[in-house]
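# Geometric and topological summary
Here is what each chain is made of, one letter per residue.
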Amino acid sequence: MSEDSPQVQNPVQGGPSGERHQQAQAGTSEAASRALGAQEADSEQARPAVSGEDSGPTSVETQHESILILDFGSQYTQLIARRIREAKVYSEILPYTASWEEIVRHKPRGIILSGGPDSVLSEDAPNPDPRIYDFQGPLLGICYGMQLMARRYGGVVEPSRRREYGRARLDIPSQSGGLFADLSGSSTVWMSHGDHIEDVPPGFAVDARSETTIGAMSDPSRRRYALQFHPEVVHTERGRHILDNFLFRICGCRGDWTPASFVQEAVDKIRAQVGQGHAVCGLSGGIDSTVAALLVHQAIGDRLTCIFVDNGLLRKDEFEEVQEAFRDHHLKVLGVDARQRFWDALEGIEDPEEKRKIIGYEFINVFDEEADKLGQIDFLVQGTLYPDVIESVSVRGPSAVIKSHHNVGGLPEKMRLALVEPLRELFKDEVRSVGRELGLEDAFVHRQPFPGPGLAVRILGPVTQQRIKVLQEADAIVTHEIRRAGLYEEIWQSFAVLLPVHSVGVMGDDRTYENVIALRAVHSQDGMTADWVHLPYEVLGRISSRIVNEVQGVNRVVYDITSKPPGTIEWE
């Protein structure tokens, strides 16, 4: 059957019923495991029939078509999901260790095998459940995924004499269709591989080549497609067009994943989960918790109470400003001064992971205690996002844990309140779109992300009241000058970091030995990757001059020009 006439009635061929795949998460709490593994019943509407699946619950309660991505550890896996969602098609990521039964429950229109750092030629090369290769719908392999498909279907993969990393030229014959429909000629793509396909499998054709390797192959009769390069990165000139061809020409997707549809479905899910119960929401004033609170409030009304905790790690004057801002949103907001509690718990703690876990633990305890004062409370609402979930899951290879997240990995083992996480399927820019759909003011929609553990992870080393005060003052200057320059909404995040070092300086006639502040400003779409911002020298100069002159205890300012990867956005 032609790739332009997709067969979508029954793309998944279920195998025998087997044990459900359980993700090993060493060190992850019982509550975090429940939060990551909680599954809800799947709607049968607008879904292709599936043979061989069990009637167990699924992780996505939605009427939308979906594309499933199996993660083999590529740094670009999350970008694949983002690009697909930008085309208004829902996508989800599972580790390559996911069982066939788990994959079947998602009823995907198509499946993508991601890239990865391993070689398919190694003895311990990551491999998916072999039944994935019998999937009746479209299968797309990218980089490592292409090499897996080549070996599985009878092709030859060999180590490359000349590895390809970075930009490469791809030649696309004029007769190419499928992924390359409406494309031809030469185009720039992004390569990242050490092995190459020497011979394509029987039935496959070469669709494109680079100077050194086969760049793409396909077998339309079996609906199998593969790319050696990464279409999801911006460096690949026609990457979006290629992915669109896969989504709409090959998989037959409609593109119905929109903020408006998400809002109604999220409200329905919350009502079904909470029932007649009562909930508390940890409110920070950021876009994540704000949108989460508004969705839950729309679902259950005054049975939601928002708790805004002053943990002593907020930005300057934030506790008062946030409470003032929410008075116009008709939300019940309870302000709790817990500063001393958090300061005492963090005394002497320098390890960033320990800081995060302590702060997460204390947050949950505060919520429990405040909930007791409110009467019967059954649920805790959190603004957990999809990257939080991805970055907090650790299996061999895929999306290795960079840090635990206070919304997931920092939860205590036993928690009295059940979690409601209405945003856990969304990336940050999708949350902003939902916020606009809900009528949020620009001040909320464009507010820069702020880490859940607050300034604790921007104070390297011990957290003391004096060091918090220094950072609050410096950070306020950074924000003021970035806004003054008209750059605030253009930048993903801009902030100050207090370093655990001192430097020699001269102020007046005196020698000083004081703190160093690092400035950080990055561009990003979703926080998964980021580039440092080329701030104008005059802006950097004003920030540096003001911090050194106005913040007592600081005599030096430096600027961080590291992108993500290899660095992270936050310093801890």
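All of the points below concern the structure found in this document. (Residues numbered from 1 in each chain as written. Predicted model: local features only at pLDDT ≥ 70, side-chain atom pairs only at ≥ 80, totals over all residues. Heavy atoms only, no water.)

## Here we look at the overall build of the chain
Defined as follows: A run of H or I in DSSP becomes a helix once it reaches four residues, and a run of E becomes a strand once it reaches two; helices and strands are each numbered from the N terminus. Type-normalised accessible area, obtained with a 1.4 Å probe on protein chains alone, sets the label of each residue: buried when under 20%, exposed when over 50%, and partly exposed for intermediate values. The contact criterion used is simple: two residues touch if any of their non-hydrogen atoms lie within 4.5 Å. Only the protein chains shown count as cover for residues, and the accessible areas themselves come from Shrake-Rupley with a 1.4 Å probe.
In terms of regular secondary structure, the chain is built from 15 helices and 18 strands. Buried residues in the chain amount to 58% of all 572 residues. Pairs at least 24 apart in sequence give 75% of the contacts found in the chain among residues at least 6 apart. With the model as given, the accessible surface of the chain reaches about 23500 Å², and the carbon-plus-sulfur share is 47%.

## Examining helix α9 (residues 339–346)
Test applied: The arc in question is the one traced by the directions running from the helix axis out to the C-beta atoms.
All of the buried residues in α9 are Phe342, Trp343 and Leu346. The arc that holds the buried residues of α9, viewed along the axis, is 100°, so those residues lie on one side. Where α9 is buried, its residues touch β11 (304–310), α10 (352–374) and α14 (465–484). Gly348, located one to two residues past α9, shows a positive phi value of around 80°.

## Description of unusual backbone geometry
Pro565 follows Lys564 through a cis peptide bond whose omega is -15°. For Pro565, the position within the fold is in the segment after β18 (554–559). Note that the residue after Pro565, namely Pro566, is joined by a cis bond; omega there is 10°. Assignment of secondary structure puts Pro566 in the segment after β18. Notably, Lys107 is not glycine yet its phi reads approximately 50°, a positive angle. Tracing the chain through its elements places Lys107 in the loop between α3 (100–105) and β3 (110–113). Lys107 gets classed as buried once you look at its relative accessible area, which sits at 2%.

## Digging into the sheet that holds strand β12 (residues 333–337)
Cut-off, in case you're wondering: A pair of strands is considered paired only if DSSP assigns at least 2 bridges between the two. The angle between two axes is taken between their N-to-C directions and runs from 0 to 180 degrees, where each axis is a line fitted to C-alpha atoms and a helix contributes only its stretch in contact.
Strand order in the open sheet formed by five strands is β12-β11-β10-β13-β14, and the pairing between neighbours is parallel. The open sheet has two free edges, formed respectively by β12 and β14 (418–420), since each of these has just one partner strand. Shown here is a sheet whose adjacent strand axes are inclined to one another by a mean of 30°, direction ignored. Pairing between β11 and β12: five bridges, direction parallel. Of the residues in β12, the one forming a bridge with Cys306 is Val333. Here helix α6 (residues 259–274) sits on the sheet in contact with β13 (379–381) and β14, set at roughly 165° to β14. Along the sheet, helix α7 (residues 287–300) makes contact with β10 (279–282), β11, β13 and β14, crossing β11 at roughly 160°.

## Focus: the packing of α6 against α7
What counts is decided by this rule: When the near helix sits turned anticlockwise from the far one by under a right angle, the crossing is termed left-handed; a clockwise turn instead gives a right-handed crossing. Throughout, the ten residues Ala, Val, Leu, Ile, Met, Phe, Trp, Tyr, Cys and Pro are labelled nonpolar, Asp, Glu, Lys and Arg are labelled charged, and all others, Gly among them, are labelled polar.
Running from amino to carboxyl end, α6 crosses α7 at an angle of 60°, the nearest separation of the two axes being 8 Å. Considering the relative orientation of α6 and α7, their crossing is right-handed. On the side of α6, the interface is formed by Phe262, Val263, Ala266, Val267, Ile270, Arg271 and Val274, while α7 contributes Leu295, Val296, Gln298, Ala299 and Ile300. Its residues assigned to classes, the contact of α6 with α7 comprises 10 nonpolar, one polar and one charged.

## A closer look at the nonpolar core
What counts is decided by this rule: Among buried residues, the Ala, Val, Leu, Ile, Met, Phe, Trp, Tyr and Cys ones that are joined through side-chain atoms within 4.5 Å form a nonpolar core.
Counting 48 residues, the largest nonpolar core has Val309, Ile482, Ile517, Leu519, Leu535 and Ile547 as the members making the most contacts within it. Every element with two or more residues in this core is listed here: β11, α9, α10, α14, β15 (493–507), β16 (510–523), α15 (537–550) and β18. Leu535 has contacts with Ile482, Leu487, Ile491, Ala521, Leu540 and Tyr559, leaving out every residue within four places of it along the chain. In this structure, Ile270, Val274, Ala299 and Val445 belong to the second largest nonpolar core, which totals 39 residues.

## Notes on the state of the cysteines
Put simply, the test is: Working definition: a disulfide is two cysteine sulfur atoms within 2.5 Å of each other.
Tallied over the full model, the rule gives zero disulfides. Free cysteine: Cys253, not disulfide-bonded; nearest cysteine sulfur from Cys251 at 5.1 Å.

## Let's talk about the packing of aromatic side chains
Think of a pair of aromatic rings as described by two things: how far the centres are apart, and how the planes are tilted against each other in angle. Short version of the rule: Here a Phe, Tyr or Trp ring, Trp counted by its six-membered ring, pairs with any other such ring whose centre lies within 6.5 Å, and the pair is stacked when the planes are under 30 degrees apart, edge-to-face when over 60, and tilted otherwise. Charge-over-ring placement is defined geometrically: NZ (Lys) or CZ (Arg) within 6 Å of the ring centre, and within 35 degrees of the ring normal.
Summed over the entire model, instances satisfying the criterion amount to 10 aromatic pairs. For the pair Phe72 and Tyr96, a centre-to-centre distance of 5.3 Å together with 15° between the ring planes defines the contact as stacked. On the criterion of sequence distance, the pair formed by Phe72 in the loop between β1 (66–71) and α2 (77–86) and Tyr96 in the loop between β2 (90–95) and α3 is long-range, its members being 24 residues apart. Residues Phe72 and Tyr96 agree in their burial class; the two are buried. Grouped by ring-pair contacts, the aromatic residues Phe72, Tyr96 and Tyr144 constitute a single cluster. Above the plane of the ring of Phe495 lies Arg458, whose end atom (NZ or CZ) is 3.7 Å from the centre.

## Details of the pairing of strand β9 (residues 224–227)
Both faces of β9 are covered, namely the face carrying Arg224 and Ala226 and the face carrying Tyr225 and Leu227. In this sheet, β9 lies alongside strand β4 (residues 139–142) in parallel orientation, the contact comprising four bridges. Note that in β9 the partner of Ile142 across the bridge is Leu227. In this structure, strand β8 (residues 214–219) lies alongside β9, joined through four bridges in antiparallel fashion. Its bridge partner lying in β9, Ser218 is registered against Tyr225.

## Side note on the pattern of salt bridges
Rules: Salt bridges are defined as contacts in which a side-chain nitrogen from Lys or Arg sits within 4 Å of a carboxyl oxygen from Asp or Glu.
According to the stated counting rule, one finds 33 salt bridges in the structure shown. Between Glu570 and Arg458 there is a salt bridge whose closest N-O contact spans 2.8 Å. Of this pair, Glu570 sits in the segment after β18 while Arg458 sits in the loop between α13 (442–445) and α14, and the two are 112 residues apart along the sequence. With respect to burial, Glu570 and Arg458 carry one shared label: buried. Via salt bridges that share partners, Arg82, Arg83, Arg85, Glu86, Arg240, Asp429 and Glu430 belong to a single interconnected network.

## Let's talk about the packing of α9 against α10
Viewed as axis vectors pointing N to C, α9 and α10 meet at an angle of 145°, and their least axial separation amounts to 10 Å. Here α9 runs over α10; the crossing is right-handed. Where α9 approaches α10, its residues Arg341, Phe342, Ala345 and Leu346 are matched on the opposing element by Lys355, Ile358, Ile359, Glu362, Phe363, Asn365, Val366 and Glu369. Of the residues belonging to the contact of α9 with α10, the class tally is seven nonpolar, one polar and four charged.

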